[in-house]
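Single-letter residue listing:
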Amino acid sequence: GYFETVEHGFPHQPSALAFDPRLQLMAIGTKSGAIKIYGAPGVEFTGLHKDTTAVTQMHFLPGQGRLLSLLDDNTIHLWELVAGPPRELGGVKKEGVVSLNEVGSYSLPGRPGIESCSATRVTVLLLLKSCDLLCIGTEGGGVYFLELPRLLLKDNLTLPDDYRCGKSLGPVESLQEHPQQSGKILIGYSRGLVVLWDLNARHADQLFLGKQQLESLVWERSGSLFVSSHNDGGYSVWSVTSGNACNPQPVSSTIPYGPFPCKAINKILWRTTQAGSPVLLYSGGMPRASYGDRHCLTIQQDKDHVTLDFTSRVIDFFTVHSVEQEKEFDDPSALVVLLEEELVVIDLQTPGWPSLPTPYLAPLHSSAITCSCHISSVPPKLWERLVNAGRAQQGRQHTWPICGGKNLAPPPKQQELLLTGHEDGTVRFWDASGVALTPLYKLSTANVFHTDCDPCDDPQDPGNDPDMQQEEEWPPFRKVGCFDPYSDDPRLGIQKISLCKYSNKLLVAGTAGQVIVLGLNDERSDHSVDVSVVDLLQDREGFTWKGHDRLEPRLKPAPFPPGFQPQVLVQCLPPASVTAVALHAEWNLIAFGTSHGFGLFDYHRRNAVLVKALCTLHPNDSLAMEGPLSRVKSLKKSLRQSFRRIRKSRVSGKKRTITTPTSKVGTWICHQNALQCEEVAPVQRRIEPRSADDSLSGVVRCLCFADTFLRDGTHHGPTLWAGTNSGSVYAYALEVPGVGSGRACERGGASESSTCVEAVLGKEIQLMHRAPVVSISVLDGRGKPLPDPYEASQDLAIAPDMTNAHSVLIASEEQLKVFSLPKVSAKTKFKLTAHEGCRVRKVALVVFSSAVQEDYSEHTLVCLTNLGDMHLFNIPGLRPQVRYDCIRKEDISGIASCVFTKNGQGENNMFNVLMKKKKQKKLESPCCFTLSLIFFTYKYLHQTVWHKCLDLVLLQQSCVSNLLWNEKQKHSSDFCCSVSVFKAELFKPASGAKNSFSAAACLLSSAGFYLISPSEYERFSLSAKVLTEPLCSVQLDRPLEFTLAR
């Protein structure tokens, strides 16, 4: 099975936040009962409560590596960071990996009855500085004390009821310990009363009578005063004096955004500074009528006043400041704000309080994800240039304030890039090489066009208006954070991405038919972009485009920052969403397809080479206007097509006859073949025929460039392949200057000759079942896929075999088929839908490297189906190897957005002995590989779906060759047993931990597959103890017990 090892991205539905100032660790709890602890980049710990219950509060025991969590079911849980046994790597003993384990839980007892249960419901927790006592405030106004770490109730410390004089003061809203005098606690009740309670003497020292409903309390560092925030949008400063038992009036009371009614200040912090003026931080307090829907947090210091305006709700926040007892001032260095959709960190030491870039927990869904691309083994030069471009965007480099723990993971052997296209027209580059998914660089394509919210198009800058300068905005809002679920113009959405890592060329295509070719430049450039318009319908009569308009390109020079800069813009007409692209940088060619046809463009000479119209869409069909992410369907058309298929199936069933050969010999052969098929072939499902006049039959599904034999078997050359939704495949022979049989173009580009690229239709294939073509791949004489552009010419890969006959692998939704070239005769096929009852969704040719022989590798066809399972086939024979369940079939969006990585990497030490025996028997292939995939869940443009965050999950799978099952059944069954126990140990870590660990420890892998999915489909935080998970340690004040890792 597939084991989850690490998670990227932002947790779904966060609900609680905690910080350990000694260990510099931060914890985030979620509504699904998950806990994630973060430190320095690469330091992550995961815990999961047994019940799917929201985490409402969390508190660290400073320096001890212990964490208390309060759940919505009124239970308190204690977690510990526990070190595993020392491990050996390469003969060197390493310290054990630290993991997060739950060690105890407690539920506050209550008397029978509904009222008493409500009275003992926990509202607030306070951990005393001694870390041996936990104060519990309840909804009934009672305060209880729990001994730590044993979680025992201290009945002798429970507050008596006599000081309340029998009055109902409301729930306990806040508990705060005196910063200088241990044992004295502020108890704040919702109706406004605040009590300073002496825990040792068991009596109230002072009473503070507030007039407004209380929200929160905070002490000043010296303990001479405290601040209370209220539900009327104000806060009050109270003086603590020893001689006054009852204090009815605060020192000062302020409603910062009054005098009109304001929302409550939910939480307030008061931090002293050496400069003199304290820093005041509070969330909420906005005027109800004007800004009641804003999510804000205010920072005030002397005359400096900033209202941070976020796009999602504030969950909680804390400051990173000095906590040493001998220090006189807090001197906060950073503010950490947990929002519903992202984490924002503010630098409080730099003037202006700028925000800091996050090395992890960056929201992948800052704008809705529309496509993705994964690049393996990125060249060091390209990586360095991308990193420099990203640093130029971020400006000044700052130190990350949450830096606890130690990352024990070795540096990655190769750099991995993850590219995500977004609805706002941006392409984001992520470092997917290690545990932390770090944002590297962001590319925006919006500046290529004139948009509705273009700042350059404004006729007048409001900042230059003297009247506007005199009228300062109040409150002083400042937009903070990168989460923005709303797109200014949905036509900017990126639909397809293709990157050539050797030539540094990037191809992006969008929703409005725009195709942009970009090149990497280390310097800022002001230039205009060449624009070419390609009419795919070629002025077809009777068709009227009723969809969105094309984006208006900028004709004047525009500034472009360092990084990828646009060179050529190809605008398709009609401006329908681009459904397929292909880039061949060595030939300077790009291919693109929409629902109306496909085209071939030479971006070096700036001219269109080929335009093929495939439009079968009715002009009034709404599907013609939508992108590939639309789920809009015509009910009438669906019903009509269903009835047509039923009638056709009935007719075909009645008229199904066997055509007999004329000769008796032929009849005998046919009869013998039929008997053989009855004995050998498995039961096949009857597939309903597809309608030939489907309105989406002209949609281009895939495009492919290849240097192969198309015209004859002796001369090979450049070709272009295109597959459509109706099962049609078009193959074009290309005449590229400088590229011929056995000749390759040099890296500088095509020949400077004036000869233009030409395209001639060579072959046209129509699959009989008319299923949509998912993928097209050309195989060389050895049955291996052709290398990428520049790999063969630059000796970066083994040159393809051009001496033997080539073949083409065409994968449709229903079957896989291999045709010989250049005759295009069928060699072999596998009917996946007929055999397995599923449909193909994604297909890729993946390289599996041997764990024993470094120079040995195999190419395998990997297929993901609509049921979420994965099938592996050898090529070119298409013999089934193995099948695995990998994703829930209900996660339709995740399956539809799968992207495979190119290489399957990994090794397994369990099979070294088996490999030796296998070599003695001269079996074909090594047995253990690791498969890599990527899944994404998209937000559909025309569907009301969630704008919540997504979790990027790194999963891993070890695959066994089918030959091993046949030749070594005993050993392979042992391996499967180990894996299944290992999987059971993941999700049910109860008994059998010792047995399962030995098997799990043998599993070594450096790659896996990624899955982005909301928690509706996957529970957050399920980690496997394998090498790809976070390897980290923490220095604690208490000894780490050595326990066996699960």
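Per an unreviewed UniProt entry, the protein goes by LLGL scribble cell polarity complex component 1 and derives from Salarias fasciatus. The protein has a UniProt comment under Sequence similarities (unreviewed entry) that states "Belongs to the WD repeat L(2)GL family."

**Student:** What's the story with the sheet that holds strand β56 (residues 773-779) in this structure? I'm lost.
**Tutor:** Strand pairing within a sheet occurs via backbone hydrogen bonds; the two strands may be parallel or antiparallel. Reading across the sheet, the four strands line up as β56-β57-β58-β59 and stay open at both edges, with antiparallel pairing between neighbours. The open sheet has two edge strands with one neighbour each: β56 and β59 (825-830). When strand polarity is set aside, the average angle formed by the axes of neighbouring strands in this sheet is 20°. Two strands pair when backbone bridges link them, and strand β58 (residues 816-820) and β59 are joined in this way by five bridges, in the antiparallel orientation. From the neighbouring strand, S820 faces β59, where its bridge partner is S825.

**Student:** I would appreciate a short explanation of the packing of aromatic side chains in the present structure.
**Tutor:** For any two aromatic rings, the description comes down to two numbers: the centre-to-centre distance and the angle of the planes. In this structure the tally under the stated criterion is 16 aromatic pairs. Between F19 and F318, the ring centres sit 4.5 Å apart and the planes meet at 10°, which makes this aromatic pair stacked. In this pair, F19 sits in strand β2 (residues 14-20) while F318 sits in strand β29 (residues 314-320), placing the two residues 299 residues apart along the sequence. Grouping residues by exposure puts F19 and F318 together as buried. With centroids separated by 6.1 Å and ring planes inclined at 85°, the aromatic side chains of W587 and F705 adopt a geometry described as edge-to-face. In this pair, W587 sits in the loop between β48 (580-584) and β49 (589-593) while F705 sits in strand β52 (residues 700-708), placing the two residues 118 residues apart along the sequence. Cluster of aromatic residues (ring-pair linked, three or more members): F208, W219, F226 and W238. Over the face of the ring belonging to F317 we find K267, whose NZ or CZ atom lies 5.0 Å from the ring centre. In this structure, R294 packs its charged tip against the face of F477, placed 4.3 Å from the ring centre.

**Student:** Mind showing me how you'd approach helix α3 (residues 380-394) here?
**Tutor:** Counting along an α-helix, one turn takes 3.6 residues, and residues three or four places apart therefore face a common direction. Over its 15 residues, α3 runs 21 Å from end to end, which matches the ideal 21 Å to within 8%, given 1.5 Å per residue. Among all positions in α3, only L382, W383, R385, L386, V387, A389 and G390 are buried. Elements in contact with the buried residues of α3: β35 (417-422), β36 (426-431), β37 (438-444), β42 (514-521) and β47 (563-573). Residue G395 follows α3 closely and has a positive phi angle near 80°.

**Student:** What's the story with the UniProt feature "repeat: WD" (unreviewed entry) in the protein in this structure? I'm lost.
**Tutor:** The feature "repeat: WD" (unreviewed entry), as given by UniProt, occupies residues 417-431 in the numbering adopted here. Counting secondary structure, residues 417-431 comes out at 0% helix and 80% strand; the distance between its end C-alpha atoms is 5 Å.

**Student:** Please explain unusual backbone geometry as it appears in this structure.
**Tutor:** A cis amide bond links L573 with the next residue in sequence, P574, at an omega value of -5°. Assignment of secondary structure puts P574 in the loop between β47 and β48. Looking along the chain, the bond that leaves I875 and enters P876 is cis, with omega of 0°. Position of P876 among the secondary structure elements: in the loop between β62 (869-874) and β63 (880-885). With a phi angle near 60°, L151 is a residue other than glycine that sits in the positive phi range. Along the chain, L151 turns up in the loop between β14 (143-147) and β15 (152-153). Residue L151 is classed as buried on the basis of its relative accessible area, which comes to 7%. One non-glycine residue, R770, lies in the positive phi region at around 55°. Take R770: it is sitting in the loop between β55 (758-766) and β56.

Reading the values: rules and limits
Residues numbered from 1 in each chain as written. Predicted model: local features only at pLDDT ≥ 70, side-chain atom pairs only at ≥ 80, totals over all residues. Heavy atoms only, no water. UniProt positions renumbered as here; feature names shortened; annotations may be inferred. Pairing = 2+ DSSP bridges. Helix = DSSP H or I, 4+ residues; strand = E, 2+ residues; numbered from the N terminus. Axes fitted to C-alpha atoms, helices over the stretch in contact; angles between N-to-C directions. Phe/Tyr/Trp six-rings, centres within 6.5 Å; stacked < 30°, edge-to-face > 60°. Buried < 20%, exposed > 50% of the residue type's maximum accessible area, 1.4 Å probe, protein only. Lys NZ or Arg CZ within 6 Å of the ring centre and 35° of its normal. Expected span 1.5 Å × (residues − 1). Contact = heavy atoms within 4.5 Å.

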